[in-house]
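Overview (structure and organization)
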There are 2 protein chains.
Amino acid sequence: MFGRLAAKQVPNKEYAVVPGKVNPDLQRERKKCTFDTLELTHFLDGGVEKYKDRKERENFFLSDPELMDDVPPELMSHEDQYRNGLKKACYLFKKLKELRENGGTIDNYRQLLGGSLGSAILKDGNPLALHYVMFIPTLMGQGTPDQCAYWIEKAWDCRVIGTYAQTELGHGTFIRGLETTATYNPKTQQFFLNSPTLTSYKWWPGGLGQTANYAVVVAQLYTKGECHGIHPFIVQLRDEKTHRPMPGVIVGEIGPKLGMNATNNGFLAFKQVPIPRNQMLMKNAQVLPDGTYVKSPSNKLTYGTMMFVRVVIVQDMASYLAKAVTIAVRYSAVRRQSEMVPGQSEPQIMDYLTQMYKLFPYIATVYALKFSAQWLWNMYNDVTAKIDAGDLELLPELHSIACCLKAVSTADTATAIETCRLSCGGHGYMACSNLPTTYGNVTAASTYEGENTVMLLQTARALMKAYAKAQAGEQLSPTVEYLNRNRKFRPWSNTVDSIVEGFKQIAAGKVAACALSLQRGVESGLSSEEAWNRASVQLVDAAEAHCRAFITDRHLDMVRNGMNELSPALREVMAQLCDLYCVFWALKRTGDFLQFCGIRGEDVQNLQDYQNELLVQIRPNAVGLVDSFDLRDEIIGSALGSYDGQVYERLLQSAMLSPLNAKPVHDSYGASLSALLRAKY
Amino acid sequence: MFGRLAAKQVPNKEYAVVPGKVNPDLQRERKKCTFDTLELTHFLDGGVEKYKDRKERENFFLSDPELMDDVPPELMSHEDQYRNGLKKACYLFKKLKELRENGGTIDNYRQLLGGSLGSAILKDGNPLALHYVMFIPTLMGQGTPDQCAYWIEKAWDCRVIGTYAQTELGHGTFIRGLETTATYNPKTQQFFLNSPTLTSYKWWPGGLGQTANYAVVVAQLYTKGECHGIHPFIVQLRDEKTHRPMPGVIVGEIGPKLGMNATNNGFLAFKQVPIPRNQMLMKNAQVLPDGTYVKSPSNKLTYGTMMFVRVVIVQDMASYLAKAVTIAVRYSAVRRQSEMVPGQSEPQIMDYLTQMYKLFPYIATVYALKFSAQWLWNMYNDVTAKIDAGDLELLPELHSIACCLKAVSTADTATAIETCRLSCGGHGYMACSNLPTTYGNVTAASTYEGENTVMLLQTARALMKAYAKAQAGEQLSPTVEYLNRNRKFRPWSNTVDSIVEGFKQIAAGKVAACALSLQRGVESGLSSEEAWNRASVQLVDAAEAHCRAFITDRHLDMVRNGMNELSPALREVMAQLCDLYCVFWALKRTGDFLQFCGIRGEDVQNLQDYQNELLVQIRPNAVGLVDSFDLRDEIIGSALGSYDGQVYERLLQSAMLSPLNAKPVHDSYGASLSALLRAKY
């Protein structure tokens with residue numbers, strides 16, 4: 001309401017946004033494009049049918065004015081951000097129900113709530129998201145059939161709203177160290193939840209603050225005087241009628257953060273809070289009525305959820321990056337600055353090679369991440385099907401590659417988005433560019449669901465095992481096949497194939513060097529743990545090299561084998577992007593190529609020349625490429641990146657939304673400034 | 001008020017912050033320190049006298065409760081952030097007046113308002129800062145003696161509050177392209193200011209929105225039908241009594257940003273607004289009453305202010321980084337996580353080599369930047385003294401090194417602060433860690449006062465000139481002396497001297513390669529401008545290499561020659577930090593060392609081993625090193641980084657400040673959530 005009123009106040013009507021008027025530079029760019037952007041959009045969606053589905057879904061949500069903000073959350077107080085977020089989230093859940101009648105699955109929901117659509121609707125986070133993203137999936141994955149029957153129905157119907165409470169003030173990464181206890185009392189057949197220390201306070205779960213009335217709580221299970229490690233429990237947090245905290249439950253929100261301020265992340269502590277025995281999730285381990293503990297057949301069974309989330313993260317990174325690079329590319333086509341040739345008119349800033357270099361590798365990165373995410377998604381489905389059939393063999397490979405992809409994709413995307421933001425100069429620093437918020441969302445992913453350094457060290461651990469196998473002449477799984485000790489690397493030939501081969505050679509070289517460092521460490525008298533710690537900086541580096549080899553391999557493979565149905569014009573552009581991704585990373589890793597692949601100074605110069613050439617080749621298609629991502633203006637959410645390119649009009653329009661601009665003289669003048677101005681010194 | 005009340009509500013009194021109680025891990029760390037932290041603090045301050053002055057100044061400001069926030073700005077609406085900022089800024093100005101009576105100079109003020117003290121008091125920006133930082137200095141630098149006499153007194157007394165309005169919506173970097181016009185009418189002896197287009201709106205000046213009533217406005221000067229380029233004009237924006245905008249003045253604020261939301265950045269447009277002739281600042285160029293334009297003797301005379309600001313930026317980067325790395329190091333000493341050895345207690349996370357690697361190079365970076373900033377400050381004073389005497393010879397060298405140092409220091413610091421933040425895991429994402437705000441302040445510096453890529457290309461331009469001179473056998477200025485074509489680089493010897501020498505060799509190699517690329521470009525038929533653009537990615541890279549050579553050279557020189565009075569114990573630690581900075585960067589640039597310095601794979605491995613060794617050597621002194629920065633808790637402003645290390649207590653205390661936690665059930669439950677929970681699906 002306020003927003004619409006204020007928007008009328010644009011100081012000069014001529015400078016208002018004109019619907020349908022497209023910036024002439026953008027029009028020219030679109031004419032230059034050498035391929036059919038719709039063909040590429042269909043390819044990205046996975047076919048015309050899926051394209052139509054998406055458009056329909058987007059229309060269903062994004063054309064609904066109830067889901068759009070009139071006032072940007074950045075103008076609101078922290079409290080109002082939550083109010084606004086909760087109101088919209090409740091409305092969104094009603095709409096999800098309509099979708100559900102059309103057969104939505106929990107995985108649909110989870111992907112819908114994250115990703116570009118979810119963050120378009122609730123750009124600052126969704127206080128209800130964890131209900132579908134974690135609470136219901138955990139019930140499904142870890143409840144007995146009886147538990148599922150009882151709880152999942154209540155949850156689907158939103159008769160309870162849940163969250164997932166695992167992380168504590170003192171423990172995130174090391175979940176075995178969690179301190180919350182659930183102690184079984186066979187007399188009352190209840191578990192008593194307790195928070196023995198300050199560091200045992202649950203901390204971070206989304207929606208926990210003032211929103212959820214139930215939670216899956218992860219706690220150390222004690223029965224018959226013995227600790228059996230962490231297990232999940234369904235705990236009621238708030239009264240279903242009054243919403244007041246249950247007796248013994250201490251709950252609140254953790255306060256403002258870098259981003260996601262409507263998420264209502266909370267803290268939670270218990271003072272001996274009882275729950276019935278059947279609220280321990282017992283699909284795997286069980287506690288019998290008399291307190292006897294029955295072990296889970298395998299402790300790997302709960303990996304599924306974790307893996308799913310990591311797969312989704314890689315997909316989300318590609319979506320967020322597509323958004324950021326669309327904003328920056330369109331802005332760079334509209335923005336004109338300086339003189340390249342004295343006396344001539346100001347060029348579009350995208351004509352500067354340094355600007356192409358900042359942006360185009362990240363158009364390519366969207367594809368690189370997308371293809372890796374697709375492969376991971378397929379493998380995830382493959383592996384979960386096999387797990388259901390009792391076959392756990394592929395799990396370590398999935399785990400290893402998911403760990404490093406999670407880390408590398410989140411770190412790369414964060415860097416990419418900041419580069420996009422900075423490439424828009426001062427205007428990228430404006431909240432209305434949507435680049436700050438996008439960064440806030442993305443950088444969180446470097447920490448949650450497995451801190452990146454920890455993730456890379458997990459991959460490194462798998463690589464060391466694979467290396468030992470390779471040395472013993474054993475068979476290797478596909479993603480580490482290059483460690484085969486009999487493998488001959490092809491010599492350098494200044495082609496993209498050589499770069500991909502090079503990354504494998506580098507990874508192999510680094511893995512071998514790490515193995516040697518570990519061995520040297522132990523030989524020098526360090527314990528194996530100390531030796532591991534001493535080598536850990538190099539181990540992280542090796543895991544990243546492994547991941548880069550994987551990503552470039554996937555990318556090239558898709559370009560060679562996954563695009564047969566595309567037109568030649570489009571295939572050419574796709575090949576340019578793949579080449580650019582590979583060359584860009586090769587040039588960022590010249591030390592590795594010089595050290596491990598036998599290239600020389602001239603080769604580096606050739607790579608630089610080739611990179612420049614690729615940037616210039618991609619230049620005329622840059623706007624077409626980001627148009628092909630087909631992101632609606634509501635998803636873009638940016639004054640700089642809308643389809644019509646009315647950049648300056650939208651900047652001014654956004655400024656007029658500020659309450660500071662509502663009156664000619666702000667009340668703070670009388671309250672503090674006037675006294676300063678009148679003071680006689 | 002609210003904050004103090006809410007802080008009482010900590011759910012469990014046992015978990016409240018206890019004044020004076022120091023975390024035992026931090027106590028142990030402090031005992032381990034091998035040097036006298038006070039000795040280092042005195043060295044950093046530049047002597048005991050300056051140390052005492054600083055302590056007194058800090059006490060004057062930071063012990064004043066009026067200047068402390070009860071409610072963190074992150075909880076406030078955008079409008080309240082401004083209200084709060086303005087109130088505190090007015091109070092701060094009153095206190096500055098007291099300082100002035102003790103002989104404060106304008107340069108004191110400027111440094112006081114930025115830097116760690118300024119950002120401790122107004123962490124989200126100061127709407128009055130530009131009055132002292134830009135408005136008064138511009139009057140002083142560009143006004144005639146008469147103008148100075150009239151305006152500076154008014155300004156010092158705060159009878160007017162000014163800002164500096166240069167950047168426009170459509171022009172930042174390219175100031176010659178500014179569109180605002182000031183047209184002289186000899187009949188009325190007035191200039192008429194006008195904003196002919198939307199893109200000519202002034203955009204960004206701090207305090208412009210609702211605060212300043214005057215501004216120095218940079219506009220294209222027209223007289224006698226001719227344009228004479230941009231000139232500065234004093235323009236009244238608001239009535240001195242009512243604070244209402246003057247007729248024809250359109251003014252407001254530009255809306256929320258990534259950070260600095262109390263700065264009140266504004267927009268400004270004119271509809272033929274008249275000002276008297278004597279409000280053009282005429283120290284250099286003049287317009288006579290009849291409209292005759294009298295040129296400035298040199299257009300380089302206005303460089304001074306720009307240079308000063310860049311020097312201050314480099315200093316500020318060191319301060320911000322000292323703050324961030326103090327937070328992260330203290331937190332890493334307090335935080336314990338995981339098992340390094342199964343069954344043993346959880347180690348401090350600072351015992352992980354990967355954590356040392358994330359943090360210690362940035363302790364070293366504080367020194368590296370500080371020493372470069374000192375050199376630059378001395379050179380700045382030298383050059384300005386010479387300019388006053390009419391000698392402009394050193395100006396290009398100052399300009400060249402200031403440009404690249406501005407770019408490299410801001411970019412490095414932004415990366416460093418994000419690394420520090422991420423090293424604190426999830427808790428680093430909390431606003432109360434103060435790391436997000438610190439990043440917001442620092443990353444802005446990559447764009448303002450000269451966009452970083454543009455800055456590096458200016459240095460590159462100077463390097464190309466120097467290279468041509470070198471080829472012609474002409475004499476070179478000290479910072480580019482290594483380009484001398486007769487210089488023999490010493491061979492690699494696995495020492496820090498070799499690394500510093502190596503960076504020069506790399507810079508020389510890259511500069512030569514750029515010159516060759518430019519030549520090849522022109523020979524292939526490109527215009528010199530096109531060839532420059534084609535080589536620009538490499539030119540940026542060469543400028544950065546040049547800067548790295550400069551920084552490492554300064555750093556090593558200080559360790560060798562600037563620390564003779566320090567104790568041996570401290571000198572040893574200083575040398576370790578210098579070595580670490582050099583090795584860290586050498587390992588980030590192995591490609592360059594392999595390509596230009598003739599090192600081999602074994603040398604890289606040696607550097608890695610040496611880096612690991614240095615990290616382990618520095619480990620026991622890490623807390624002592626950050627303690628030596630001697631940053632008061634008010635400057636740290638972080639739940640994670642306070643001197644006493646009561647990390648978890650402060651996190652909980654901060655959470656309790658959230659208004660969402662004021663009542664057991666938030667009003668949004670009744671407003672939206674209860675209907676969802678009760679809906680029957």
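This is a predicted model, so every value here is computed, not measured.

Bringing the pairing of strand E2 (residues 181-185) of chain B into the picture now. Residues and elements named next belong to chain B. In the sheet, E2 pairs with strand E3 (residues 190-194) via five bridges, with the strands oriented antiparallel. Opposite Tyr184, over in E3, you have Phe191 as the bridge partner. Adjacent in sequence and paired antiparallel, E2 and E3 are bridged by four residues, among which Gln189 carries a positive phi angle near 55°. Sheet analysis places E2 next to strand E5 (residues 214-223), joined by three bridges and oriented parallel. By the bridge assignment for E5, Thr181 is matched with Gln220.

Residues and elements named next belong to chain B. Its identity is not glycine, yet Lys224 carries a phi of approximately 50°, on the positive side. You can see Lys224 is positioned in the loop between E5 and strand E6 (226-236). When its relative accessible area of 57% is taken as the criterion, Lys224 is described as exposed. Even without a glycine there, the phi angle at His243 is positive, about 65°. Within the secondary structure layout, His243 lies in the loop between E6 and strand E7 (249-253). Residue classification places His243 among the buried residues on the basis of a relative accessible area of 1%.

Right, let's talk about the sheet that holds strand E4 (residues 202-203) of chain A for a bit. All names here are of chain A. Read across the open sheet, the three strands follow the order E4-E8-E7; overall the sheet is antiparallel. One side of each edge strand has no neighbouring strand; the edge strands of this open sheet are E4 and strand E7 (249-253). Note that E4 and strand E8 (residues 266-270) share two bridges and pair antiparallel. From the neighbouring strand, Lys202 faces E8, where its bridge partner is Leu268.

Our next topic: the UniProt feature "active site" (unreviewed entry) in chain A. Residues and elements named next belong to chain A. Taking the numbering used here, the UniProt-annotated feature "active site" (unreviewed entry) corresponds to Glu449. Here Glu449 is to be found in the loop between helix H13 (435-444) and helix H14 (452-471). Residues within four places of Glu449 in sequence aside, it is in contact with Val309, Arg310, Ile313, Lys406 and Met455.

Note on placement: Ile250(A) falls in strand E7. Note on Ile250(A): relative accessible area 16%, which makes it buried. Spatially, the C-alpha atoms of Ile250(A) and Phe267(A) are 7.9 Å apart, while their sequence positions differ by 17 residues. Beyond its immediate stretch of four places on either side in the chain, Ile250(A) contacts Tyr201(A), Phe267(A), Leu268(A), Ala269(A), Lys271(A) and Pro11(B).

This next bit is on the sheet that holds strand E4 (residues 202-203) of chain B. Residue and element names in this part refer to chain B. Taken together, the three strands give an open sheet; going across it, the order is E4-E8-E7, and neighbouring strands pair in antiparallel fashion. The open sheet is flanked by E4 and E7, the only strands paired with a single partner. Bridging between E7 and strand E8 (residues 266-270) involves five bridges; their strand directions are antiparallel. Among the inter-strand pairings, Val251 is bridged to a residue of E8, identified as Leu268.

Now for the interface of chain A and chain B. Each partner contributes to the interface: chain A provides 139 residues, whereas chain B provides 140 residues. Inspection of the region where chain A meets chain B yields eight salt bridges. Between Arg176(A) and Glu339(B) there is a salt bridge, with its nearest N and O atoms 3.3 Å apart. Scanning the region where chain A abuts chain B turns up 68 residue pairs in polar contact (both at pLDDT 80 or more). It is helix H5 (residues 78-101) of chain A that contributes the most residues to the side of chain A that touches chain B, 10 residues altogether.

Turning our attention to the side chain of Ser658(A). Checked against the element boundaries, Ser658(A) lands in the loop between helix H23 (647-655) and helix H24 (667-678). Among the residues examined, Ser658(A) registers a relative accessible area of 2% and is labelled buried. Here Glu253(B) takes part through its side chain, which lies 2.5 Å from a polar atom of the side chain of Ser658(A).

Residues and elements named next belong to chain A. Here Phe191 lies in strand E3 (residues 190-194). Sequence separation of Phe191 and Asn612 is 421 residues, and the distance between their C-alpha atoms is 65 Å. Residues contacting Phe191, with those up to four places away along its chain left out, are Ala182, Thr183, Tyr184, Leu221, Phe233, Val273, Pro274, Ile275, Pro276, Arg277, Met280 and Val287.

A few words now on the domain arrangement of chain A. Assigned domains of chain A: these are domain 1 (162-294) and domain 2 (303-626). For domain 1 of chain A and domain 2 of chain A, the distance between their C-alpha centres works out to 38 Å.

Let us look at helix H9 (residues 145-156) of chain B. Residues and elements named next belong to chain B. With 12 residues, H9 extends 16 Å from end C-alpha to end C-alpha; this agrees with the ideal 16 Å at 1.5 Å per step. Those residues of H9 that are buried are in contact with helix H5 (78-101), helix H6 (106-113), helix H8 (129-142), E5 and E6. Within two residues after H9, Cys158 carries a phi angle of roughly 60°, on the positive side.

As a further point, take helix H24 (residues 667-678) of chain B. Taking 1.5 Å as the rise per residue, H24(B) with 12 residues should run 16 Å; its terminal C-alpha atoms sit 16 Å apart, in good agreement. Of all the residues in H24(B), the buried ones are Ser668(B), Tyr669(B), Ser672(B), Leu673(B), Ser674(B), Leu676(B) and Leu677(B). For H24(B), the elements touching its buried residues are H5 of chain A.

Let us look at the confidence of the model for chain A. Residues and elements named next belong to chain A. Overall, the predicted model of chain A reaches an average pLDDT of 94, with 97% of residues at or above 70. Confidence over residues 1-8 falls short of pLDDT 50; this stretch has 12 contacts with residues more than four positions distant or in other chains. Scoring the predicted complex yields pTM 0.97 and, for the interface, ipTM 0.97.

A few words now on the UniProt feature "binding site: FAD" (unreviewed entry) in chain A. All names here are of chain A. UniProt's feature table lists "binding site: FAD" (unreviewed entry) at Thr167 and Gly206, given in the numbering used throughout. Maximum C-alpha separation among the annotated residues is 11.0 Å over a sequence range of 40 residues, consistent with a single clustered spot. Inspection of the secondary structure puts Thr167 in the loop between strand E1 (162-165) and strand E2 (181-185). On the basis of relative accessible area, Thr167 is assigned to the partly exposed category, the value being 25%. Every residue in contact with Thr167, bar those within four places of it in the chain, is listed here: Gly172, Tyr201, Lys202, Trp203 and Trp204. By the secondary structure assignment, Gly206 is in the loop between E4 and strand E5 (214-223). By relative accessible area, Gly206 is classed as buried at 8%. Setting aside anything within four residues of it in sequence, one finds Gly206 in contact with Pro127, Leu130, Thr163, Thr263, Asn264 and Asn265.

This part covers the packing of aromatic side chains. For any two aromatic rings, the description comes down to two numbers: the centre-to-centre distance and the angle of the planes. Inspection of the entire model under this criterion finds 47 aromatic pairs over all chains. Aromatic side chains Tyr367(A) and Phe371(A) sit 6.1 Å apart centroid to centroid with 50° between the ring planes, which places their arrangement in the tilted category. Separated by four residues within a single helix, Tyr367(A) and Phe371(A) lie in helix H11 (residues 353-388), roughly one turn from each other. With a centroid separation of 6.2 Å and 40° between ring planes, the pair formed by Tyr201(B) and Phe267(B) is classed as tilted. Here the residue Tyr201(B) occupies a position in the loop between E3 and E4, and Phe267(B) occupies one in strand E8, the gap between them amounting to 66 residues. Clustering of aromatic rings is evident, with ring pairs tying together Tyr15(A), Tyr201(B), Trp203(B) and Phe267(B). One Lys or Arg, Arg548(B), reaches over the ring of Trp585(B) and ends 3.4 Å from the middle of that ring.

Rotating chain A by 180° and translating it 0.0 Å along the rotation axis places it on chain B, where the RMSD comes to 0.0 Å. Taken together, the rotation and translation describe the operation of a two-fold axis. Interface residue correspondence from chain A to chain B reaches 100%, placing this contact among same-surface, isologous pairings.

Parameters and conventions
Residues numbered from 1 in each chain as written. Chains lettered and ligands numbered in written order. Predicted model: local features only at pLDDT ≥ 70, side-chain atom pairs only at ≥ 80, totals over all residues. Heavy atoms only, no water. Pairing = 2+ DSSP bridges. Helix = DSSP H or I, 4+ residues; strand = E, 2+ residues; numbered from the N terminus. Buried < 20%, exposed > 50% of the residue type's maximum accessible area, 1.4 Å probe, protein only. UniProt positions renumbered as here; feature names shortened; annotations may be inferred. Contact = heavy atoms within 4.5 Å. Salt bridge = Lys/Arg side-chain N within 4 Å of Asp/Glu carboxyl O. Polar contact = N/O pair within 3.5 Å; in protein donor to acceptor, adjacent residues only side chain to side chain. Domains from an automatic or database assignment. Expected span 1.5 Å × (residues − 1). pLDDT = per-residue confidence, 0-100. Phe/Tyr/Trp six-rings, centres within 6.5 Å; stacked < 30°, edge-to-face > 60°. Lys NZ or Arg CZ within 6 Å of the ring centre and 35° of its normal. Least-squares fit on C-alpha atoms with pLDDT ≥ 70 in both.

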